[in-house]
Amino acid sequence: MDTRNDIKTFILENFMLGRNREELEDSVSLLDMGIIDSTGILELVEFVEKSYGVKIEDNELVPENLDSIDNLVTFIGRKTA
Amino acid sequence: MVSSISHRGPDEFGAYFDDYCALGQARLSIIDLSTGSQPLCNEDGRLWISFNGEIFNYIELREELEKYGHKFRTRSDTEVIVHAFEQWGTQCPERFNGQFAFVIYDRKNRSLFAARDRTGIRPLMYCRHGDRFYFASEIKAIFCDPSVPRKLDFRGLDEVFTWWTTAPPRTVFEGVNELEAGHYLTVVNAKLSTHRYWSMQFPTEYDRDRSVDSWAEELHALLVDSVRLRLRADVPVGAYLSGGLDSSVTTALIKKFTDTKVETFSIAFHDKAYDESAYQKQMADFLGTNHHQVRCSLDDIAENFPSVIYHAEKPLVRTAPTPLFMLSGLVRQHNFKVVLTGEGADEILGGYDLFKETLIRKFWARNPDSAWRPMLLKKLYPTLPLSGARARFYLETFYKAGLSQTDAYYFSHIPRINTTTRIKDFFTDDAKAAIGDYDSIASFGVDLPKDFDRWHHLSRAQFLEVRSLLSGYLLSSQGDRVAAAHAVEGRFPFLDHRVIELGCRIPPWHKLFGLKEKYVLKKAMRAELPKEITQRVKQPYMAPDSNSFFQDKRPAYIGEMLSEANLKKSGVFNADFVARLIDKCSRLSHAHLSFKDNMSFIGILSTQLLLNRFIEQYTMPEPLSVEVFTVWKDESTL
């Protein structure tokens with residue numbers, strides 16, 4: 001399973017409805033760019049938990065883990081290792 | 001023109017003509033049923049008026065004007081306006097306690113004077129086209145002259161997708177203007193100018209020694225008097241009863257003035273998440289009212305939405321006006337023309353969550369790295385269906401926006417603006433180019449009171465909420481327009497200017513006591529309302545949004561309005577982007593759809609309906625028969 005590609009597809013299909021797909025760079029802040037809002041973050045968390053069979057703990061709900069594709073890939077890699 | 005707005009006043013039709021001016025009137029007869037016909041003139045026929053609304057203190061003003069020697073021929077409030085204009089000139093609106101929009105034509109010098117009430121309860125639109133000026137309660141009347149261009153104003157649309165409304169004088173139609181609340185207008189020698197005569201003014205310092213009980217006592221006395229004035233009518237007056245505090249206050253106060261049962265009206269939703277009927281029944285039983293209810297389903301919202309857009313004449317980002325459109329229909333079915341409602345209490349006395357959020361965000365902004373300051377947000381949403389940490393994370397993410405902009409005049413509204421503006425992501429490149437670098441966020445910051453920067457953060461938020469959402473959306477799209485659609489007039493005791501001015505003087509900490517909203521109002525009404533109502537957690541009025549349009553029996557117009565061909569013809573929204581949004585809305589249940597997606601869908605659908613009805617497929621209304629009009633034609637010289 002290509003984590004990076006799956007996450008990117010999920011974000012494109014759910015949060016980039018009115019945006020050009022080229023704007024989605026792996027390192028940009030999803031919150032700062034307005035790609036994901038607060039509801040979107042929760043959708044993203046649910047997607048990660050269901051797709052990778054992991055449980056995200058309360059103290060892991062921080063931008064350092066969730067706020068860019070790079071951060072998400074690293075975080076999921078750590079959780080599934 | 002009159003026929004296009006005959007829904008507002010189906011009781012009588014009148015017209016006045018001379019070589020320079022024509023005035024028309026569709027009257028909803030409420031005061032002086034027998035002699036209050038319009039247009040109406042003064043004793044010598046020099047001043048002619050067309051008026052929509054009520055001057056509640058007309059009896060007192062008439063007595064005062066009679067002392068100055070003015071002679072009256074009718075018992076109407078309309079005639080009081082004419083004489084008040086003779087007596088006090090352009091300062092006359094300052095004397096009126098009411099909800100009004102009127103135009104006075106001076107035959108002698110061929111000038112016009114028009115005015116609108118302080119908070120914009122009654123609408124007044126205008127347009128200059130060629131050498132003509134047009135005035136009307138609704139834009140559709142102006143469009144009855146086919147030579148008037150009907151074009152979308154992209155900047156107006158950009159404002160709606162920032163603030164939920166346009167900033168007057170702009171509307172979403174190019175060249176058509178709205179007179180701003182608290183303003184009057186003159187046309188002299190073909191030159192039109194507007195002037196502000198009233199604005200909310202908050203102090204920069206407060207009386208810290210005066211007790212909340214003392215403020216509550218004054219507020220109670222004023223509310224009683226405000227309701228007394230708003231019961232002046234020659235037809236029966238009913239009341240909306242939402243189950244919340246504000247309409248319970250107004251209904252309880254009506255009871256002071258009548259021995260008969262009050263007739264109350266409310267909305268119930270099939271969807272339990274929005275339904276407040278248990279509280280409505282509790283309050284109706286407590287007050288002993290004859291209660292009437294209209295039940296609103298998802299299908300009802302979809303079916304009635306096009307009519308709501310036709311009446312609102314601007315795009316919406318929520319469906320909430322639709323159930324109120326149905327409610328006014330229920331009122332009319334029971335042969336009522338007038339209802340009192342609790343609108344305005346939240347803005348004037350600190351009821352909205354937005355105000356609490358503003359104070360928490362301001363407190364948080366002083367130490368943005370604090371872990372516990374934003375936890376106060378969780379107190380605002382105790383019923384959020386998320387576990388503790390997730391709820392906190394959600395709220396922090398949402399509300400930390402703009403934390404560094406505490407000096408911005410719109411600081412209080414940044415989270416709402418950030419959500420609403422996402423709709424603009426769906427604009428076509430052409431639409432974006434038409435808007436250019438126009439700054440909609442600045443549009444409500446024009447002409448701010450001189451001490452605004454020194455006001456308390458709650459006061460600034462209140463001011464902005466009244467200027468934007470109350471005036472342009474709650475009193476308009478969700479107020480006058482959907483009530484007038486069924487010839488119903490709403491009256492608003494909390495928007496008596498004396499109550500507003502008192503509300504401004506009451507210190508912020510008596511309005512929001514900690515995070516307890518409308519504290520001084522609850523104190524004022526504690527003897528008259530049950531604790532279950534005064535201590536109830538506030539439930540904001542909302543209606544089901546986009547899922548209303550994705551049910552099995554969805555009306556055909558939805559597919560037509562959002563078809564690729566139609567979207568491309570309108571040229572406002574990118575058809576590919578809209579297709580993705582529709583796909584997401586149809587895939588996900590309502591519970592999983594964000595505010596942003598919901599607002600985007602409603603905003604796009606309502607814009608397409610508006611463009612279709614007023615620009616692309618525009619049809620003239622059937623003219624009324626000439627026989628139904630009472631006509632005055634004045635050819636005499638003065």
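Residues numbered from 1 in each chain as written. Chains lettered and ligands numbered in written order. Predicted model: local features only at pLDDT ≥ 70, side-chain atom pairs only at ≥ 80, totals over all residues. Heavy atoms only, no water.

Digging into the pattern of salt bridges
All names here are of chain B.
Piece 1. Per the stated rule, a full pass over the model turns up 60 salt bridges over all chains.
Piece 2. Put simply, Glu138 and Lys140 hold a salt bridge, and the shortest N to O gap is 2.6 Å.
Piece 3. Residue classification places Glu138 among the buried positions, given a relative accessible area of 0%.
Piece 4. Looking at Lys140, the relative accessible area reads 2%, which means it is buried. (Salt bridge = Lys/Arg side-chain N within 4 Å of Asp/Glu carboxyl O. Buried < 20%, exposed > 50% of the residue type's maximum accessible area, 1.4 Å probe, protein only.)

Thoughts on the side chain of Thr162 of chain B
All names here are of chain B.
Piece 1. With respect to the secondary-structure elements, Thr162 resides in helix H4 (residues 154-163).
Piece 2. At a separation of 2.7 Å, a polar atom in the side chain of Thr162 contacts the side chain of Lys424.
Piece 3. Not counting chain neighbours up to four residues away, the residues in contact with Thr162 comprise Ile417, Thr420, Thr421, Lys424, Ser440 and Ile441. (Helix = DSSP H or I, 4+ residues; strand = E, 2+ residues; numbered from the N terminus. Polar contact = N/O pair within 3.5 Å; in protein donor to acceptor, adjacent residues only side chain to side chain. Contact = heavy atoms within 4.5 Å.)

What about the interface of chain B and chain A?
Piece 1. Listed by partner, the interface residues are 20 residues for chain B and 29 residues for chain A.
Piece 2. With both chains or domains summed, chain B and chain A bury close to 2100 Å², and 55% of this area falls on carbon and sulfur atoms.
Piece 3. Sorting the residues of chain B by area buried against chain A places Arg390, Phe393 and Arg580 of chain B first, and these three jointly supply 33% of that buried surface.
Piece 4. Viewed at the interface, chain A and chain B are joined by 2 salt bridges.
Piece 5. The shortest N-O distance in the salt bridge between Asp425 of chain B and Arg19 of chain A comes to 3.8 Å.
Piece 6. Linking chain B with chain A are 2 residue pairs in polar contact (both at pLDDT 80 or more), by the criterion used here.
Piece 7. Listed by contribution, the elements that provide at least two residues to the side of chain B that touches chain A are helix H13 (388-399), helix H23 (575-587) and helix H24 (595-616) of chain B.
Piece 8. Looking at the side of chain B that touches chain A element by element, the count peaks at 6 residues for H13 of chain B.
Piece 9. Split into classes, the residues belonging to the side of chain B that touches chain A amount to 9 nonpolar, 3 polar and 8 charged. (Buried area = accessible area lost by both parts, 1.4 Å probe. Nonpolar A, V, L, I, M, F, W, Y, C, P; charged D, E, K, R; others polar.)

A word on empty space enclosed by the protein
Regions of empty space are outlined by a rolling probe, equal in size to a water molecule, passed over the atoms.
Residue and element names in this part refer to chain B.
Piece 1. A complete count under the given rule lists 5 cavities of 30 Å³ or more for this structure.
Piece 2. Taken as a whole, the largest cavity holds about 170 Å³ of empty space.
Piece 3. Lining the largest cavity are 14 residues, and of these Arg118, Glu180, Ala181, Arg196 and Arg467 sit closest to its centre.
Piece 4. When its residues are assigned to classes, the lining of the largest cavity shows 7 nonpolar, 3 polar and 4 charged.
Piece 5. Empty space within the second largest cavity amounts to approximately 120 Å³.
Piece 6. Around the second largest cavity, the lining is made up of 18 residues, and of these Met125, Glu178, Lys314, Ser476 and Arg481 lie nearest the centre.
Piece 7. Counting residues per element, the lining of the second largest cavity draws most heavily on helix H16 (residues 457-484), at 4 residues.
Piece 8. Its residues assigned to classes, the lining of the second largest cavity comprises 7 nonpolar, 4 polar and 7 charged. (1 Å grid on protein atoms, 1.4 Å probe; cavity = no way out; pocket = protein on both sides within 12 Å on 5 of 7 lines; lining within 4 Å. Points joined across faces, edges and corners; volume = space filled by probe spheres on them.)

Description of the domain arrangement of chain B
Residues and elements named next belong to chain B.
Piece 1. Taken as a whole, chain B is organised into domain 1 (3-198), domain 2 (212-348 + 470-534), domain 3 (353-419 + 439-460) and domain 4 (546-616).
Piece 2. Using only C-alpha atoms to locate each centre, domain 1 and domain 4 end up separated by 36 Å.
Piece 3. With 11 residues of domain 1 in contact, the opposing surface of domain 4 contributes 9 residues.
Piece 4. Together, the buried faces of domain 1 and domain 4 total about 830 Å²; carbon and sulfur atoms form 82% of this surface.
Piece 5. Of all residues in domain 1, Arg150, Phe161 and Phe173 give up the largest surface area on contact with domain 4, accounting jointly for 45% of the area buried on that side.
Piece 6. For the pair domain 1 and domain 4, the number of links is 0 salt bridges.
Piece 7. Linking domain 1 to domain 4 there are 1 residue pair in polar contact (both at pLDDT 80 or more).
Piece 8. No other element matches the 3 residues that H4 contributes to the side of domain 1 that touches domain 4. (Domains from an automatic or database assignment.)

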